[in-house]
Amino acid sequence: QVQLVESGGGLVQAGGSLRLSCTVSGRTFSSHAMGWFRQAPGKERAFVGAITWIAGSTFYADSAKGRFTISRDIAKNTLYLQMNSLKPEDTAVYYCAADTDGTGEFGSWGQGTQVTVSA
């Protein structure tokens, strides 16, 4: 079993930047892919983007393209989400998740970190 812990959330003004981190611990970690999701108040959780752990291929939701960048540090078992040009509509709890079985489903989740973007 793996544990995922997000950090780096906070309050930022519109147009600002934040970098979220997700550190993985637990059993020897070998993930096929990791992703970022977010859930805004009153809305369902939404996909932000994902990265294949070994190859580093990235995929983004339309809302994230051009503003957000996902990266990972394999040696540190850490996933990152660099968010630039933030908008108030980016306000949400951000979660990282891991597909450790190669099934295409994210079965392990972190507890989330709050990102609030003020106008």
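Residues numbered from 1 in each chain as written. Predicted model: local features only at pLDDT ≥ 70, side-chain atom pairs only at ≥ 80, totals over all residues. Heavy atoms only, no water.

### A short note on the side chain of E6
Link 1 in the chain: When you line up the elements, E6 lands in strand 1 (residues 2-7).
Link 2 in the chain: R45 provides the closest opposite charge to the buried, unpaired E6, separated from it by 7.7 Å.
Link 3 in the chain: A distance of 2.9 Å separates the side chain of E6 from the backbone nitrogen of C96, its partner in a polar contact.
Link 4 in the chain: Reaching out from E6, the side chain makes a polar contact with the backbone nitrogen of G112 at a distance of 2.9 Å.
Link 5 in the chain: Excluding residues within four positions of it along the chain, E6 makes contact with S21, C22, W36, Y94, Y95, C96, G110, Q111, G112 and T113. (Helix = DSSP H or I, 4+ residues; strand = E, 2+ residues; numbered from the N terminus. Buried < 20%, exposed > 50% of the residue type's maximum accessible area, 1.4 Å probe, protein only. Lys, Arg positive; Asp, Glu negative; His and termini not counted. Salt bridge = Lys/Arg side-chain N within 4 Å of Asp/Glu carboxyl O. Polar contact = N/O pair within 3.5 Å; in protein donor to acceptor, adjacent residues only side chain to side chain. Contact = heavy atoms within 4.5 Å.)

### Re the sheet that holds strand 3 (residues 18-26)
Link 1 in the chain: Taken together, four strands build an open sheet; the order of strands is 1-3-8-7 and the sheet is antiparallel. Across the chains shown, the open sheet's two edge strands, defined by having one partner strand only, are strand 1 and strand 7 (68-73). Within this sheet the neighbouring strands show an average axis-to-axis angle of 15°, counted without direction.
Link 2 in the chain: Sheet topology places strand 7 next to strand 8 (residues 78-83); six bridges connect them, and they run antiparallel. Bridging from a neighbouring strand, T69 pairs with Q82 of strand 8. (Pairing = 2+ DSSP bridges. Axes fitted to C-alpha atoms, helices over the stretch in contact; angles between N-to-C directions.)

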